Structures are given as structure tokens and as C-alpha cells.
Amino acid sequence: MLRYNRICKYVMVANAGLATGLQQEQLLELSLPYGQIDGVLMLPGKSYSFIVFKDETCASKAYAAIHGKMKLNSTDSGPLYLAFTEKVPEINHSWNYDHKPPGLILLEHFVTEEEENSLLNSIDWNTTDSHLGQSLKHRKVKHYGYEFRYDTNNVDKDNPLSEGIPSECNFLLERLSARNCNILSSFPNQLTVNHYQPGQELLIELVNKYKEIIECKKTDGLKIKEKDETWDKLRDEYNSNGSVTSRTTKQLRQFYVNLKRSAKKARSDERVERYKTGGGQCTTKVDESVLSLIEDQIEPNSNPFDCDSEYYGIPPHVDTHSAFEDPILSLSLGSPIVMEFRHKDGRTLPVLLPQRSLLVMSEEARYAWSHSITPRKMDIVPTPNGSLTIQHRGERVSFTFRCIRKGECNCIYHERCDSYQRNCSNIQIKNDALAERLESLHVHEVYEEIASHFSDTRHKPWPNVLSFVESLPLGSMLVDVGCGNGKYFGFTRGIFEEHNWQVCDDFKVLTMLLGQQSAFTKFPCILCLRDVRARIDHWTMKDWPPRQNLEVSCKNVVRQNHIGCDRSLGLVKVCQDRGFEVFNCNCLSLPLRSNIADGCMSIAVIHHLATEERRVRAVEEMVRILRPGGRALIYVWAKDQERHKTQSSYLRQDRKNRRECDEQKHPVIQDNTNTNVISKDFPSLPVHTNRTQFQYQDLLVPWKLKPEQKSEVESRTKESSCEEVPTFYRYYHVFEEGELEQLCQSVEGACVSRSYYDQGNWCVILEKQ
Ligand SMILES: O=C(O)CCC(=O)C(=O)O
Ligand SMILES: [Fe+2]
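None of these values were measured; they are calculated from a predicted model. (Residues numbered from 1 in each chain as written. Chains lettered and ligands numbered in written order. Predicted model: local features only at pLDDT ≥ 70, side-chain atom pairs only at ≥ 80, totals over all residues. Heavy atoms only, no water.)

Engineer: Even after reading the chapter, I still don't get the sheet that holds strand 14 (residues 348-353), so can you show me in this structure?
Structural biologist: Hydrogen bonds along the backbone pair up the strands of a sheet, which may run parallel or antiparallel. With respect to topology, four strands assemble into an open sheet ordered 11-16-13-14, the strand pairing being antiparallel. With partners counted over all chains shown, the strands left at the sheet margins are strand 11 (314-317) and strand 14, one partner each. Strand-to-strand twist across the sheet, computed as the mean angle between neighbouring axes with direction ignored, equals 20 degrees. Two elements, strand 13 (residues 337-343) and strand 14, share six bridges in a ladder whose sense is antiparallel. When the sheet's bridge partners are listed, Met339 is paired in strand 14 with Val351. (Pairing = 2+ DSSP bridges. Helix = DSSP H or I, 4+ residues; strand = E, 2+ residues; numbered from the N terminus. Axes fitted to C-alpha atoms, helices over the stretch in contact; angles between N-to-C directions.)

Engineer: Before we go on, may I ask you to explain the coordination of the iron ion (ligand 2) in this structure?
Structural biologist: Around a metal, the perfect tetrahedron of four donors has angles of 109.5 degrees, and the perfect octahedron of six donors has angles of 90 or 180 degrees. Looking at the metal site, the iron ion (ligand 2) is ligated by His317 (NE2), Asp319 (OD) and His371 (NE2), spaced 2.1 to 2.2 Å from it. Donor residues binding the iron ion (ligand 2) come from one chain and are separated in sequence as H-x1-D-x51-H. Of this pair, Asp319 sits in the loop between strand 11 and strand 12 (328-334) while His371 sits in strand 16 (residues 369-373); the two residues are 52 residues apart in sequence, bridging distant segments of the chain. (Donors = N, O, S within 2.8 Å, 3.2 Å for Na, K, Ca; no water.)

Engineer: I would appreciate a short explanation of the nonpolar core in the present structure.
Structural biologist: Within soluble globular proteins, side chains that are nonpolar generally end up buried alongside one another. Val479, Val481, Ile606, Val619, Ile634, Leu740 and Leu766 are the most contacted members of the largest nonpolar core, which totals 37 residues. Listed by contribution, the elements that provide at least two residues to this core are strand 20 (478-481), strand 21 (562-566), strand 23 (597-603), helix 17 (612-625), strand 24 (626-637), helix 20 (739-745) and strand 30 (761-768). Counting residues per element, this core draws most heavily on helix 17, at six residues. If sequence neighbours within four positions are ignored, Leu740 has contacts with Ile606, Ile634, Val636, Phe735, Trp762, Cys763 and Val764. (Core = buried A, V, L, I, M, F, W, Y, C linked by side-chain atoms within 4.5 Å. Buried < 20%, exposed > 50% of the residue type's maximum accessible area, 1.4 Å probe, protein only. Contact = heavy atoms within 4.5 Å.)

Engineer: Can you walk me through the site of ligand 1 in this structure?
Structural biologist: Neighbouring residues of ligand 1: Asn194, Tyr196, Ile314, His317, Asp319, Ser330, Met339, His371, Arg396, Ser398, Thr400 and Arg402. A distance of 2.7 Å is found between an oxygen atom of ligand 1 and a side-chain nitrogen or oxygen belonging to Ser398. Arg402 places a polar side-chain atom, nitrogen or oxygen, 3.4 Å from an oxygen atom of ligand 1. Its free accessible area being 290 Å², ligand 1 has 97% of it covered by the protein chains. Residue assignment for the shell around ligand 1 shows that the elements contributing at least two residues are strand 10 (190-196), strand 11 and strand 19 (396-402). In terms of residues, the shell around ligand 1 owes the most to one element, strand 19, which gives four residues. Here the residues of the shell around ligand 1 are counted per class, giving three nonpolar, six polar and three charged. (Near = heavy atom within 4 Å. Polar contact = N/O pair within 3.5 Å; in protein donor to acceptor, adjacent residues only side chain to side chain. Areas by Shrake-Rupley, 256 points an atom, 1.4 Å probe, with all protein chains shown as cover. Nonpolar A, V, L, I, M, F, W, Y, C, P; charged D, E, K, R; others polar.)

Encoded structure:
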């Protein structure tokens, strides 16, 4: 980039950027006193940044005041250095408040102050909703009429709540009509009240309660002990409030120290009148309340932005189309806020929601734009004279009024319409050829790509599967269809290895003599594995003639009583390297004789088949190879990942991930806009957000490949990685309750002897008749 001594409206800050910990707000605070600015630009990983002033006069004023003189923080070693530049890379954030998404209406002064108070008082926060758990950060939520469930992103339409919408809201229709906005045909039957509370407000409230002890100047042993105990008590009270993230005493104490510093800095800044643009508040309610606690103390200034994670927000989402009608209304009470609207094409528009205003999201704004509140301490807002200023955030309460939709949505905004997506994905894979193509692209090819990483992440056998394996009588022949890396090998009870017997024509005789098997007919050589009569197409061959000649030890026999197969060559190789008897085949056509297995298992396999007909065929194949009386265990992924209020380990893993990842970058409630087009061939298949409840039955589940060879421990936590890594999409059909059982019952010659739910899976044990 060329640098000029000539004054330009673009100014580069040479020694402060994202890489040095600079925050957008700091850059604005720094430059706003010198005139209007059109934007700031901060590039990832860079230690410099840019400010775009409205004109050269503002830019030169800023240059004169800041360059070589002003420090960002008093603790910084040196001042900031600026330079004029002729242009800057494209601005990724401008505060364009002139445009709104089509269909968005903002009615300012919608309620009076008295009405605001009466609405706020109408909410009883003592009763909470059942499904919220820990998921909402710095946000308390209460539902009326119907509960909106953040795990399914939908409402339970058959179970209205006992509490209807408070009567304090009754004025709504009349008021809309008075404002010439007759947009509602009936009174909404669902209300969500969001209480956004910055963590610091709660902390200040609690410190205030224990102020006499916490701020006591005495430092004798007794006082220190009393302070420590008080902080522990305060911690318990803080953590018992449902809307904040749990903190340790140490974290809270540090948080308070930071707050004190930032409040003092705000005060000292105010004294030197750094803010000259007007419009915004310099000292927040929070700063004032902290200052009142520590009025007599002076400490050095520090970075006021280092308690970021305490800010509230709501991740980008489109309110689920199938859950609610158009429009959606949101009444803003308390602190004003900036809400961001985003279109899939990249357009982003901030909308300032003033206190007591009503936001109406209709048509395109309701269906095609996501809305969010970015977690931050302050917003950049327009002033009446057209410039920008900073506005600190305080406590905010919003009332979102919605009408529950009956039936499916039939909007024209398909990209974000769950009804449309669901409908499409059902239609699409009814055809067998397409199903084959889908499995080939989004199952077979993916497993070949991820085989080694997949294998690294599969170690621990699931206890109930293991019980099945171990329950088979001594010497039973078990076939593992879709055996992956063979994690269930080595648990069957056989005595072949011990005696170096071979499973061949003498097998039957031996086992019968030893009383290990009951009397039933098998061919002398029970398997066709690597059968010399069909070397090439052995796994497509089904009708095997009885064997005439058996070549013992000529690879037409097995030495183990547990054999497996998998569609992935990569995984077969992993098993073979471990010495397991495994071959490559498709589960729709097993290269095995009929009636040869005492046990059969298929763990997490048939949910990769794209039509019901194909899933039935896979079960039929298993039944075919089982001997009469033989049993098969089948596991598939359940659509419902929570049963009897207990989350599956798949969902629970998310909490662990969240602790490991930067929570700011990973919103804590689910983004239901995730119906992105990932597959060119299957554009309408929705993409699942890992570690969340399933919303569709047919979907693509991302697999993030581990970055270059990591240790085993690291790779097992692959989905918690925050790095950019190649992602593959596996097709799944997740099963509804009863679906697997019904499917198995439709297979002739077998009956379901047990059906159960196990850690997010539906499971069936079948017995061949
Ligand atoms: O707080 C708001 O104004 C919006 C809340 C919201 O978008 C929601 O609950 O879906
Ligand atoms: Fe919303």
C-alpha cells in the first residue's frame, strides 16, 4: 500500500490492529473526537488498522492530535503512529443506517414510559421454562402461550403453556391501528420475553450488597478471611442466577477489578472532555454504579475492554418459518440496541432499536434476512447531525410477539425455509438411482477421505453393544456389517486361536462335539470369503452352489469367529493391519452364504442409506446370513437426541466444546439458518449444526478433518477444534421413535426381540425364525 505525506481522508494506524488486541470501539473512541468517520477497517491477524474519515479536515485533525502523541492505554509503551493513505482495502464494516431490509418497519415511541414500566412489571421471572438449561448467555427468557424450544428451534404446537400473554399487552392491535400499521390479522398467541442482562450488572448488584466488607480498607488476617468468605457467598449467588455463565471466585474478583479500572478510566476520560461529538453517553449506568462503590480510590487506567465475555447478544437466526406466521413484532424496552440484519448474498444492515420502539419484521425481512445482536459493550450509532457516536449498552428487555403457524410455510424464500427444505429432501431421494448417487458422494467418498481420522476417533466400545457381543455363546460366528476400524473385535469368545483351528469343514464337527453349537445345517466351509470361485465379484454373488472342494488354509477359510465388512477400503485396511478378518463390501449385498452367522451386528450403518427400501434391504441381508435362532443387533442415529430430559453424549459433548472454544465466536444458542447449500448435487439437503438436536430426518452432517497429524488425544476432540479445517458432509437419515422397529418388523423371517434407546441411538435386537 502506498503511503502519502499528502493529507487524505484515509488514515492508517501503523501499530495497532486486531493482532495487538485493538477493538473496534477503541478505534472509534480514538477517532470520533476529530470529526465524522465513515468506517474503520481491521484485518485479521494484522497489527495495523485503518480509519476512514468523512473528509481530509477531520483526518488531519486526528493526525495532528494522535500521531506520535497519544497512547491507547496509559500502560502502553509508546504512542500510536499514523499515516495517510490514498485508499484502503474494501471496508468490511460501515455503519449504514440509511437503509433497512425490505419489509422491516420501525415504529418509534410505540409505548409510553408508564406502559413500559407496566409491561416490565408484568413479567414474573420466578417461574422458568423447562428446556432452557444453560444455553442462553446473559439472557433470561420467558415464554407465554407456547414455549419456543431452542433445542429443536420450534414450538411444541400441541402443548400450549398454561400462562397466556399478559393482559398488559392488550393494547397492541389498537396501537398498531392508531399507527396505521394494520399488519396483524389476529392477536398473537405466542410471546417471548428476552431479558438481556450484562454479567457486570449482576456483579455490581451483589458487590453493592456486600460493599461494607468487600471495599473495607482493613487488611488484617481476620478481615481478609471475612472478605474471602464473602466473595465465595457472592459467587454462589452470582452463579445461581440463570442468565449468566458460571464463574469461579477468582474470575469474579478479577472481573470486578477490571470493572473498577474501566469505570475510573471512563471518569478520567470524561474529565478531559475527550468526547466532543455529542450524542453518546460517556459514562454508563454501570460505570456510575461501580464508581459509587469505590468513590475514594484511584488506580492506574487500563484497557476497559478486557471483560468482553460478559456482554450479551443473540446469534444470527431467522425465526423458524414453520413455527411462526408473518410478521414478527419485537418491542424494545430498556437500553437501545443495534440489531444486525444479514442477507445470504452478504448484505448486512444495522438497525438501531430505540427504547420503547416496535420492530415489525415482515416478508423479506422476516423470511430471508437473519437478525442478531452482536455481543459487545457498546454500539456505534448515528447522531441527529448525521455523524456516528458510541452508545454503551445497558439492561434491555424485548417482547417478541408471534402467531403460531398451522401447517407448513409456503413462502417464496426457499433458502431459509425449513418447510420447503424438508419437503424437498423427502422428494429428492425417493428414487433409487439418486439414493445410490447420494450415498456414493456423501457416504462412500467421504469415508474414504476421512477413514484414518475417523478411525483415530473410534476407540471406546459402547457398553450395550459390547454386552451383545459378549452374550453370544462360546464359539459363535459373529458378522459385523459396517465394522469401521473394528473396535468390537476381540470380544467374542472363541477357542480357535488357542488351538489354531480353522473355520472350515471340520469346524462344524468340532464345535458340535464340544457342545458349542446347536444342531443346524451349515455348509462345511461356512464363508465365501475370498472364495476362489468368485474372486472378482465375490461380494455381488448371492446364490452360492454347495462347495465341492475345500482348500484348507488357501484363503477360503477364516481363523476367527468374528468377521467384519465395511464399504470403506480405508477402514478395511485399518482392520486388516490389526489382523482382523475383514473384507470390503456394500451392506446391501453381503458376500456371505445364507444361514452362516450366529450373530450379526450393524452399528451406525443403515442410517447412511438414503431410502427406506434400501434400509429394509440391508436388514434383509443380515437376516439372510443369520442361522435360524441367530440374533442381529442394529443401531441407528435417533432424530431425538434427548430422552426423558437427558441429553445424549453427542449433545453433551457440545458443552465441553463450548468451554474449550472462545464462546464469543461460537454463539450459544443454535443458529437455525443453517440450511446452507453445501452439496451441488443435492442442494436442498439441510446441513446439520454438530452437537445440536436434529431438525430434519434427511440431512448432511459435517465432519471436520483434523489438521495435519495431531496426537490421538487431540484428534479425538476434533469437533472442538476452532481452526479452519477441511469439512466433509456425510448423509444421514436419522430415525424417529418406532421407525427402526417398524422397519425390522417388515422384514420376513425375523422378529424384534428387543427395542431400546441408547445414547441418541435407536436400537433393535432381531431374531431369525
Ligand atoms: O430481542 C429481540 O428484539 C429479538 C429476539 C429474537 O430475535 C427472538 O427471540 O427470536
Ligand atoms: Fe428472532
